[in-house]
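So the chains spell out like this:
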Amino acid sequence: QVQLVESGGGVVQPGGSLRLSCAASGTIFSINVMGWYRQAPGKQRELVATISRGGSTNYADSVKGRFTISRDNAKNTMYLQMNSLKPEDTAVYSCNAGVIPIATSRTFSYWGRGTQVTVAS
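The residue numbers shown here count from 1 along each chain, following its written sequence. Local features in this predicted model are restricted to residues of pLDDT 70 or higher, and side-chain atom pairs are both shown and tallied only at a pLDDT of 80 or more, whereas totals for entire chains, interfaces and linings draw on every residue. Remark: hydrogens and water are excluded; side-chain values derive from all non-hydrogen atoms of the structure.

A. Representation of the pattern of salt bridges within the structure. When a carboxyl oxygen of Asp or Glu is within 4 Å of a side-chain nitrogen of Lys or Arg, the pair counts as a salt bridge. Across all of its chains, the model carries four salt bridges by this definition. Where R38 meets E46, a salt bridge forms, and the shortest distance between an N and an O atom there is 2.6 Å. Accessibility here uses a 1.4 Å probe with only protein chains present; expressed as a share of the type maximum, an area under 20% marks a residue as buried, one over 50% as exposed, and anything in between as partly exposed. Overall, R38 belongs to the buried group, its relative accessible area being 6%. Where K64 meets D61, a salt bridge forms, and the shortest distance between an N and an O atom there is 3.1 Å. A network of salt bridges, in which partner residues are shared, links R38, E46, R66 and D89.

B. Local environment of the environment of Y37. Comment: elements are numbered from the N terminus, with helices defined as DSSP H or I runs of at least four residues and strands as E runs of at least two. Within the fold, Y37 resides in strand β4 (residues 28-39). The exposure class of Y37 is partly exposed, given its relative accessible area of 22%. Spatially, the C-alpha atom of Y37 lies 5.0 Å from that of V48, the residues being eleven residues apart in sequence. For Y37, the residues in contact, after removing those within four places along its chain, are R45, E46, L47, V48, T50, V92, Y93, S94, N96 and W111. In this description, contact between two residues means that some pair of their heavy atoms is separated by no more than 4.5 Å.

C. Seen up close, the state of the cysteines. Counting rule for disulfides: a pair of cysteine sulfur atoms within 2.5 Å. A complete count under the given rule lists one disulfide for this structure. Put simply, C22 and C95 are joined by a disulfide, and their sulfur atoms are 2.1 Å apart. Torsion about the S-S bond of the C22 and C95 cystine: about 65°, corresponding to right-handed handedness. One end of the pair, C22, is in strand β3 (residues 18-26); the other, C95, is in strand β9 (residues 91-101), and 73 residues separate them in sequence. Classification of C22 as buried rests on a relative accessible area of 0%.

In structure tokens:
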């Protein structure tokens, strides 16, 4: 079994910052690409940022220059530093990971349950 658990969400004023974490646990051999996604009310889920095991990153245009994705492979944990937050960043943020479980050679996609981020004055 593999679980992803997000933390760090909350309510922040416009211009403020939050740091999200996504911790993976269970029978993990290795984790390939990890990513953050978000879904605002009434909208489809969208990609925020991804990071490879080697540290290569990709960002949505809407967050470039404001958000920074990072990971600690030794801790199986991913982070999202969000600065200069805007009301339009309000959404449920979920993490995704491509995990190779122990005793397998396949990659499986796992999702966390999400954490709410609300940007409001």
